[in-house]
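Overview (structure and organization)
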Amino acid sequence: MKRLFILLAVTLLIFSGCGKKAAPAEAEAHSGDWGTDYFGTMTGATLAAGEVLPSEEESALVENTEGTSQVREADSNSRWGSITEDSICSYLQGSGSYDKGLEWSGDWCYIDAGGGKMFYSFGCGICCLTNMYCTLTGNDCTPGEMYAWAKEETSYSPGPGGGAIDWPEIDQMCQSWGIGGTLCPKPDDYSLFQQDMASATTIMVLVSSEEDDAIWQNLPGHYVNLWLYDPEEDTVFMSDSRGPATNRTRVALRDVYNALLTNDSYAYQYYLIE
């Protein structure tokens, strides 16, 4: 009887784990209004400690997000294989994207951090974390799950006064998965940024249209992921949660460099994972 109980327990554990993610479909282009997607208010230092209890609506969204899967940590000894455009995840944060049923969107956009501060207005950093985790580990995770996970594991505490996750919490999450990187300030010499991009598996950057509006407009601050640098064309493949018009496109690395947010409040502009 004891042996039968152990076999049943092991079987349940096997079936409760995360599966591999499905191969991403082609991104669906869209132009127009996809919600008030913007960075929101973010401090230059770690956000205040203390967890904000989720509302009933938020709890339901986190538990019942479409395509949800149980989140688990990556094996610290595992390493990612060859990365292609098709294998890269690129989640969207916008409510309009979800309402239109666009690829990579989901009902996490309506999670309320408190006081009506909605995920679609601050979730770019969480989407970036989700992109990196899923792409590099091969595990499934949604931005809704990542939002709950980051609040549980770090001092990340979104609320009415702000919502964007900050660099220390981003680094803490990545280190816990065994895929940690290096926080970097914007180099004065563009060629140094090119060298970093060439050596990286991915770079998560903090950009602002106030620095340069070649790619982003009316956007005071925003996180995106850069992948697959092409030195001949000097372009990168980008995961951009703000809107499907720029998500999953190749952009000029120089335009990203010019847009790096160099406000005095921010000591770092990008997170490099080799």
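Calculation notes
- Residues numbered from 1 in each chain as written.
- Predicted model: local features only at pLDDT ≥ 70, side-chain atom pairs only at ≥ 80, totals over all residues.
- Heavy atoms only, no water.
- Helix = DSSP H or I, 4+ residues; strand = E, 2+ residues; numbered from the N terminus.
- Buried < 20%, exposed > 50% of the residue type's maximum accessible area, 1.4 Å probe, protein only.
- Contact = heavy atoms within 4.5 Å.
- Areas by Shrake-Rupley, 256 points an atom, 1.4 Å probe, with all protein chains shown as cover.
- Salt bridge = Lys/Arg side-chain N within 4 Å of Asp/Glu carboxyl O.
- Arc of directions from axis to C-beta.
- Axes fitted to C-alpha atoms, helices over the stretch in contact; angles between N-to-C directions.
- Parallel < 35°, antiparallel > 145°, perpendicular 65-115°, else oblique.
- Nonpolar A, V, L, I, M, F, W, Y, C, P; charged D, E, K, R; others polar.
- Phe/Tyr/Trp six-rings, centres within 6.5 Å; stacked < 30°, edge-to-face > 60°.
- Lys NZ or Arg CZ within 6 Å of the ring centre and 35° of its normal.
- Core = buried A, V, L, I, M, F, W, Y, C linked by side-chain atoms within 4.5 Å.
- Disulfide = S-S within 2.5 Å.
- pLDDT = per-residue confidence, 0-100.
- Pairing = 2+ DSSP bridges.

**Comments concerning the overall build of the protein**
For the protein, the count of helices and strands is 8 helices and 6 strands. Its helices and strands taken in sequence order, the protein reads α-α-α-α-α-α-β-α-β-β-β-β-α-β from the N to the C terminus. Across the 274 residues of the protein, 51% fall into the buried class. Taking the intrachain contacts of the protein between residues at least 6 apart in sequence as the baseline, contacts between residues at least 24 apart amount to 72%. A total accessible area of about 12500 Å² is found for the protein, and carbon and sulfur atoms account for 50% of it.

**What about the pattern of salt bridges?**
A full pass over the atoms with the stated rule returns 1 salt bridge. Where arginine 250 meets glutamate 85, a salt bridge forms, and the shortest distance between an N and an O atom there is 3.4 Å. A residue pair is termed long-range when its members are at least 10 positions apart, and arginine 250 in strand S5 (residues 249–252) and glutamate 85 in the loop between helix H2 (56–64) and helix H3 (95–99) qualify at 165 residues.

**Some points on helix H6 (residues 167–176)**
By the burial criterion, the buried members of H6 are Trp167, Glu169, Ile170, Met173 and Cys174. In a view along the axis of H6, the buried residues occupy a sector of 165°, so they form one face of it. Residues of H6 that are buried in the fold lie against helix H4 (124–137), helix H5 (143–153), strand S1 (182–184), strand S2 (202–207), strand S3 (222–230) and strand S6 (270–273). Just past H6, the residue glycine 178 takes up positive phi, approximately 80°.

**Observations regarding the packing of H4 against H5**
Two elements in contact, H4 and H5, have axes whose closest approach is 9 Å; the angle formed by their N-to-C orientations is 105°. Taken together, H4 and H5 sit at an angle that is classed as roughly perpendicular. Contacts between H4 and H5 involve Ile126, Cys127, Leu129, Thr130 and Tyr133 from the first element and Pro143, Met146, Tyr147, Trp149 and Ala150 from the second. Looking at the contact of H4 with H5, its residues break down into 9 nonpolar, 1 polar and no charged.

**Digging into the packing of aromatic side chains**
Aromatic ring pairs are reported here in terms of the distance separating the ring centres and the angle at which the planes meet. Inspection of the entire model under this criterion finds 15 aromatic pairs. Seen from their ring centres, tyrosine 91 and tryptophan 104 are 5.2 Å apart, and the 90° between their planes marks the pair as edge-to-face. Of this pair, tyrosine 91 sits in the loop between H2 and H3 while tryptophan 104 sits in the loop between H3 and H4, and the two are 13 residues apart along the sequence. Members of the aromatic cluster, joined through ring pairs, are Phe119, Phe122, Tyr147 and Tyr156. Lying over the aromatic face of tyrosine 257, lysine 186 brings its terminal NZ or CZ to 4.4 Å of the ring centre.

**A look at the nonpolar core**
One finds Leu129, Met146 and Trp177 to be the most contacted residues of the largest nonpolar core, which totals 42 residues. Of all elements in the fold, only H4, H5, H6, S2, S3 and S6 reach the threshold of two or more residues within this core. Considering each element in turn, this core owes the most residues, 9 residues, to H4. Apart from the residues lying within four places of it in its own chain, the contact partners of methionine 146 are Ile126, Leu129, Thr130, Tyr133, Cys141, Met173 and Trp177.

**Brief notes about the state of the cysteines**
Inspection of the entire model under this criterion finds 0 disulfides. In this structure cysteine 109 is a free cysteine whose sulfur lies 9.8 Å from that of cysteine 127, the closest cysteine sulfur available. The structure places no disulfide on cysteine 124, whose sulfur is separated from the nearest cysteine sulfur, that of cysteine 128, by 6.4 Å. The class for cysteine 124 is buried, based on a relative accessible area of 0%.

**A closer look at H5**
Most of H5 sits out of view: 8 of its 11 residues are buried. For H5, the full list of buried residues reads Pro143, Gly144, Glu145, Met146, Tyr147, Trp149, Ala150 and Lys151.

**Considerations on the confidence of the model for the protein**
Per-residue confidence for the protein averages 76 on the pLDDT scale, and 70% of its residues sit at or above 70. When the elements of the protein are averaged for pLDDT, H2 gives the smallest value, 35, and helix H8 (residues 253–259) the largest, 98. In this model residues 1–79 is a low-confidence stretch, pLDDT under 50, and it forms 157 contacts with partners more than four residues away in sequence or in other chains.

**Observations concerning the sheet that holds strand S4 (residues 235–239)**
With antiparallel pairing, 6 strands are arranged side by side in an open sheet as S1-S6-S2-S3-S4-S5. At either end of the open sheet lies a strand with only one pairing partner, and these are S1 and S5. Along the sheet, successive strands turn relative to each other by an average axial angle of 35°, direction set aside. In this structure, S1 lies alongside S6, joined through 3 bridges in antiparallel fashion. Bridge pairing links threonine 182 to leucine 272 in S6. Strand contacts of H4: S2, S3, S4 and S6, with the helix running at about 35° to S3, the strand carrying the most contacts. Contacting S2, S3, S4 and S6, helix H7 (residues 190–199) runs over the sheet at an angle of about 75° to S3.

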